[in-house]
Amino acid sequence: MPEPRPRAIRAAHTDTTITVYQAYAPRLGEPAARDGRFPPAWKRERMTWIKPSFLWMMYRCGWAAKADQETVLAIDITRSGFDEALRGACLSHYEHGVHADREAWQESLRATPARVQWDPERDLHLNPLPHRSLQLGLSGPASRAYADEWTVAIRDVTPLAREIHSLLRAGDEPAARALLPAETPYPAGPLPHLGA
């Protein structure tokens, strides 16, 4: 099996959608899953971070145990919306070799409503791996488009997260691994402006 690229998007995806994950307090997560759309209480003006990696989401929310992250959502969004956000995104931090200089990076940061972070991918036990997983931050018009235009379906995957965690605690790693969502390389093409 070839080594994963150091920075690549791995996700569950179809020809038209990509699945991303977020975790919320039940007061937001439950109505979103029930109605298949984000409720009016979901703040469309603030930065929201979406994660194509299920295990990175589990690391972030502690298997749906952290406060205000007890409801884990799988959100299917249009690939066209996701790709549009990637095309216009900027790294959330300055990186020599990607940006001409710090000023160019800051200018780019001010001009775009989308940010990218590359964080260590996680294994089944949530230990860091040597390759990186994408987090995509959306604000302003990108956040509104995500919530109201790109979202195709929202599912509550909290029971799945808890089942996998329970199997791990019981020592049944093969059964836990078998339940993981199938994530494959996402065909985003080269992303030199994002260091990938």
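Everything here concerns the structure above.
Residues numbered from 1 in each chain as written. Predicted model: local features only at pLDDT ≥ 70, side-chain atom pairs only at ≥ 80, totals over all residues. Heavy atoms only, no water.

Engineer: Would you mind showing me how to read the sheet that holds strand E3 (residues 48-50) here?
Structural biologist: The strands making up a sheet are joined through hydrogen bonds of the backbone, oriented either antiparallel or parallel. Taken in spatial order, the four strands line up as E3-E7-E6-E5 in an open sheet, and their pairing is mixed. Each having just a single partner strand, E3 and strand E5 (90-91) make up the two edges of the open sheet. Note: E5 against strand E6 (residues 114-122), two bridges, orientation parallel. Its bridge partner lying in E6, Cys90 is registered against Arg115. (Pairing = 2+ DSSP bridges. Helix = DSSP H or I, 4+ residues; strand = E, 2+ residues; numbered from the N terminus.)

Engineer: Which parts of the structure should I look at to understand the pattern of salt bridges?
Structural biologist: Pairs can form between side chains of opposite charge once their charged atoms are near each other. Going through the model one piece at a time under the given rule, you end up with nine salt bridges. Salt-bridge contacts for Asp148 lead to Arg37; the nearest nitrogen and oxygen are separated by 3.9 Å. One end of the pair, Asp148, is in helix H5 (residues 140-150); the other, Arg37, is in the loop between helix H1 (26-35) and E3, and 111 residues separate them in sequence. One salt bridge connects Arg155 with Asp76, and the closest N-O pair in it is separated by 3.1 Å. In this pair, Arg155 is assigned in strand E8 (residues 151-156) and Asp76 in strand E4 (residues 71-78), connecting sequence segments 79 residues apart. (Salt bridge = Lys/Arg side-chain N within 4 Å of Asp/Glu carboxyl O.)

That's the geometry; what it means functionally is another story.
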